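Each chain, written out:
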Amino acid sequence: MSDSVRGSCLCGRVTFEVDLPFRRASHCHCSRCRKHSGTFGLTQGRVPRSQFRLLSGEESIRIFRPEAGKAKAFCAECGSSLFGGDWPDGEEVSVRLGSLDGDPVIRPQYHTFVASRAPWDELPDDGLPRYEERNPAER
């Protein structure tokens, strides 16, 4: 098992590295994540900011911060959703697991914001806990 995992955007301009382990991982079904990804939502893992390193492409990163929401960082060239949360200055970074080039070791542990999921979004029978809004343990 590697002590870190690398990630990148589709065009390869933005690369980053995350020291393992992730604190937690989840599937978010909120309308913001749905719009940002163009699909059901996002599958993300959270790490302390100290475990996240941007390796290349800082000039290609664009950030959208919705009012009263978390940062959504993406590549300006290819549009890949990469990371966000409290990045770059906060305590924790939310990494889009789909942007990773290797195994994050952690697997999603729950579904959040299922009350705002798309009408076509059918939750899988995967046995994971489901929260109408945010997981109460994250507050």
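A brief report on the enclosed structure follows.

1. A closer look at unusual backbone geometry
Right, so step 1: Residue Pro-21 follows Leu-20 across a cis peptide bond; omega there is 10 degrees.
Right, so step 2: Of note, Pro-21 is situated in the loop between β2 (15-19) and β3 (24-28).
Right, so step 3: In this model, Trp-87 is joined to Pro-88 through a cis peptide bond whose omega is 10 degrees.
Right, so step 4: Note on placement: Pro-88 falls in the loop between β8 (81-85) and β9 (92-96).
Right, so step 5: The backbone phi angle of Ala-68 is positive, close to 60 degrees, even though this residue is not glycine.
Right, so step 6: As for its position among the elements, Ala-68 is in the loop between β6 (61-64) and β7 (71-75).
Right, so step 7: Ala-68 gets classed as exposed once you look at its relative accessible area, which sits at 82%.

2. Focus on the pattern of salt bridges
Right, so step 1: Inspection of the entire model under this criterion finds nine salt bridges.
Right, so step 2: Between Glu-77 and Arg-13 there is a salt bridge, and its shortest N-O distance comes to 3.8 Å. Taken together, the residues Glu-77 in the loop between β7 and β8 and Arg-13 in the loop between β1 (4-8) and β2 connect sequence positions 64 residues apart.
Right, so step 3: Across the salt bridge formed by Arg-23 and Glu-92, the nearest N and O atoms sit 3.0 Å from each other. In this pair, Arg-23 sits in the loop between β2 and β3 while Glu-92 sits in strand β9, placing the two residues 69 residues apart along the sequence.
Right, so step 4: Residue classification places Arg-23 among the partly exposed residues on the basis of a relative accessible area of 48%.
Right, so step 5: If you follow the salt bridges from partner to partner, you end up with Arg-6, Glu-17, Asp-19 and Arg-53 in one network.

3. Side note on the packing of aromatic side chains
Right, so step 1: On inspection of all chains with the given rule, the structure shows five aromatic pairs.
Right, so step 2: Between Phe-83 and Trp-87, the ring centres sit 4.8 Å apart and the planes meet at 65 degrees, which makes this aromatic pair edge-to-face. Like Phe-83, the residue Trp-87 is buried in the burial classification.
Right, so step 3: An aromatic cluster is present here, built from Phe-16, Phe-52, Phe-83 and Trp-87 joined pairwise through their rings.

4. Some remarks on the sheet that holds β3
Right, so step 1: In space, the seven strands of this open sheet follow the order β6-β7-β8-β9-β4-β3-β10, with mixed pairing throughout. For this open sheet the edge positions go to β6 and β10 (111-112), each flanked by a neighbour on one side alone.
Right, so step 2: With two bridges connecting them, β3 and β10 associate as parallel partners. Counted as the bridge partner of His-27 is His-111 from β10.

Cut-offs and rules
- Residues numbered from 1 in each chain as written.
- Predicted model: local features only at pLDDT ≥ 70, side-chain atom pairs only at ≥ 80, totals over all residues.
- Heavy atoms only, no water.
- Helix = DSSP H or I, 4+ residues; strand = E, 2+ residues; numbered from the N terminus.
- Buried < 20%, exposed > 50% of the residue type's maximum accessible area, 1.4 Å probe, protein only.
- Salt bridge = Lys/Arg side-chain N within 4 Å of Asp/Glu carboxyl O.
- Phe/Tyr/Trp six-rings, centres within 6.5 Å; stacked < 30°, edge-to-face > 60°.
- Pairing = 2+ DSSP bridges.

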